[in-house]
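Report on the structure
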Amino acid sequence: MNETPVLDVQDLSVQFRLSRGLFRRKRVVRAVSDVSLTVAPGETLGLVGESGSGKSTLGRAILRLVPITSGRVVVHGRDVGGLRARALRRAREQMQMVFQDPYSSLDPSMTIGANIAEPLEVFQGLRGRERDQRVVELLELVNLSPYHIHRYPYEFSGGQRQRIAIARAIAVRPALVVCDEPVSALDVSTQNQIINLLEDLRAELGLSYLFIAHDLAVVRHISHRTAVMYLGRIVELGPSDRVYEDPAHPYTQALISAVPIPDPVKARQGNRIILRGGLPDPGNAPSGCPFNTRCPFAMEICRTRMPGMTPLDRGGEVACHLQTSGPTLAGRT
């Protein structure tokens, strides 16, 4: 029997209305359009795509940090989409976030002990010795010394600050943690340490992650499944090994081809796919498939009709007309 998802997102859309001037009509930017996905208990779902594809907005919308235009978000069995402020505050005990910049996400005027203790006080009402003991346990859980408890964020390195941010995020044992580019500001060796820490915490505490990143190698390493986002839409989703070894969408193929290969001989032999043009303006998205303006396989149907998600025999699904009509992808039959 299938387990109930920790996160269940159905047809989620986020639109922003931007003013174009005093006497001009407001411009509608569709940052996220009709996104559906799930995250199972103990699973890490990776979310990749170019800058501006809507990844971070999707993560923030799931946690209700930006307004949801339409759709449904269920976290740990509770529909959080329509909750009012007080109920939403209680629901946030089950959903936390690790941000890209650990320094700006920590209060610089508070010690790291106070930063970590805040959710324990707000959500669980812990005070005094019980709270302090829990803070010490969390510091040890992220491999930091309890002797650091009275120091301030500026006294730590970027990697250490991210460990502190992770300790604060897991303090109340949430069901879901949204990681928004949590290692992109760190050097490679520190990235590996943080990724290993996140994996250890997932296994030990039974956490589920939505892991947002632009580094495909990192996402492949940590994620059970990977979702590929383009111009606010999920264009491919499936088991990470299948997505990386046998990508079905032309956009996924282009992203994977751009991943650096450490072997210079293999790198020269690789077929790099160069996409023409840039990401279209989300306020003036092309009709039909959002990728048709850059796709080397685009057909007439791609310019007029939005593709639906098509299941793949190899696992997962893809939104591409090439799976149902027209020429095959990269020589497939």
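Considering the sheet that holds strand β10 (residues 233-239)
- What the eight strands build is an open sheet, ordered β6-β7-β8-β3-β9-β10-β12-β11; its pairing is mixed. Either end of the sheet is taken by a strand with one partner, and the two such strands are β6 (95-98) and β11 (309-311). Adjacent strand axes in the sheet meet at a mean angle of 20° when their direction is disregarded.
- As paired strands, strand β9 (residues 225-230) and β10 are joined by six bridges and run antiparallel to one another.

A closer look at the layout of surface pockets
- Within this model, the largest pocket holds a volume of roughly 380 Å³.
- By residue number, the principal contributor to the lining of the largest pocket is helix α4 (residues 112-124), which donates four residues.
- Each residue belonging to the lining of the largest pocket can be placed in one class, and the counts come to nine nonpolar, one polar and four charged.
- Counted as a void, the second largest pocket has a volume near 310 Å³.
- In this structure, the second largest pocket is lined by 17 residues; those nearest its centre are Glu50, Ala254, Leu255, Ala258 and Arg272.
- Contributions of two or more residues to the lining of the second largest pocket are made by α8 (216-222) and α10 (250-257).

Let's talk about the sheet that holds strand β4 (residues 70-75)
- Read from one edge of the open sheet, four strands run β2-β1-β4-β5, paired in antiparallel fashion. In this open sheet, the two edge strands, each paired with only one partner strand, are β2 (27-39) and β5 (78-79).
- Examined bridge by bridge, strand β1 (residues 7-18) and β4 share five bridges and lie antiparallel to one another. Each bridged residue has a counterpart across the sheet, and for Leu7 the counterpart in β4 is Val75.
- On the sheet, helix α1 (residues 55-62) packs against β1, β2 and β4 and is oriented at approximately 115° with respect to β1.

Describing the packing of helix α6 (residues 158-170) against helix α7 (residues 188-205)
- Where α6 contacts α7, the two axes come as close as 10 Å, and the packing angle between them is 20°. By the angle between their directions, the pair α6 and α7 is classed as roughly parallel. The handedness of the crossing between α6 and α7 comes out as right-handed. Residues Gly159, Gln162, Arg163, Ile166 and Ile170 of α6 pack against Thr190, Gln193, Ile194, Leu197, Leu198, Leu201 and Leu205 of α7.

Digging into the side chain of Ser223
- Take Ser223: it is sitting in the loop between α8 and β9.
- Assessed through its relative accessible area of 8%, Ser223 is described here as buried.
- Of the polar contacts made by the side chain of Ser223, one reaches the backbone nitrogen of Gly46; its length is 3.3 Å.
- For Ser223, the side chain forms a polar contact with the main-chain oxygen of Val219, separated by 2.9 Å.
- What Ser223 contacts, discounting residues up to four positions off in sequence, is Thr44, Leu45, Gly46 and Ser240.

Topic: the pairing of strand β7 (residues 176-180)
- Counting buried residues along β7, five of its five residues qualify, which places the element largely inside the surrounding structure.
- Every second residue of β7 is oriented toward a common face, with Leu176, Val178 and Asp180 on one face and Val177 and Cys179 on the other, all of them buried.
- Sheet analysis places β6 next to β7, joined by four bridges and oriented parallel. The residue bridging Gln96 from the neighbouring strand is Val177, located in β7.
- The pairing of β7 with strand β8 (residues 208-212) spans five bridges and is parallel. Within β8, the residue paired with Val177 across the bridge is Tyr209.
- Chirality of the crossover, the property in question, places the unit of β7, α7 and β8 among those that are right-handed.

Overview of the confidence of the model for the chain
- Chain-level pLDDT for the chain is 89 on average; 92% of the residues reach the 70-or-more range.
- Taken as a whole, residues 328-333 scores under 50 in pLDDT and shows 15 contacts with residues more than four places along the chain or in a different chain.

Section: helix α5 (residues 128-141)
- Between its first and last C-alpha atoms α5 spans 20 Å; for 14 residues at 1.5 Å apiece the expected length is 20 Å, and the two agree.
- Within α5 the residues assigned to the buried category are Arg131, Arg134, Val135, Val136, Leu138 and Leu139.
- Contacts made by the buried residues of α5 are with α4 and α6.

Cut-offs applied
Residues numbered from 1 in each chain as written. Predicted model: local features only at pLDDT ≥ 70, side-chain atom pairs only at ≥ 80, totals over all residues. Heavy atoms only, no water. Pairing = 2+ DSSP bridges. Helix = DSSP H or I, 4+ residues; strand = E, 2+ residues; numbered from the N terminus. Axes fitted to C-alpha atoms, helices over the stretch in contact; angles between N-to-C directions. 1 Å grid on protein atoms, 1.4 Å probe; cavity = no way out; pocket = protein on both sides within 12 Å on 5 of 7 lines; lining within 4 Å. Points joined across faces, edges and corners; volume = space filled by probe spheres on them. Nonpolar A, V, L, I, M, F, W, Y, C, P; charged D, E, K, R; others polar. Contact = heavy atoms within 4.5 Å. Parallel < 35°, antiparallel > 145°, perpendicular 65-115°, else oblique. Left-handed = near helix turned anticlockwise from the far one by under 90°. Buried < 20%, exposed > 50% of the residue type's maximum accessible area, 1.4 Å probe, protein only. Polar contact = N/O pair within 3.5 Å; in protein donor to acceptor, adjacent residues only side chain to side chain. Right-handed = clockwise from strand over helix to strand, strands pointing away. pLDDT = per-residue confidence, 0-100. Expected span 1.5 Å × (residues − 1).

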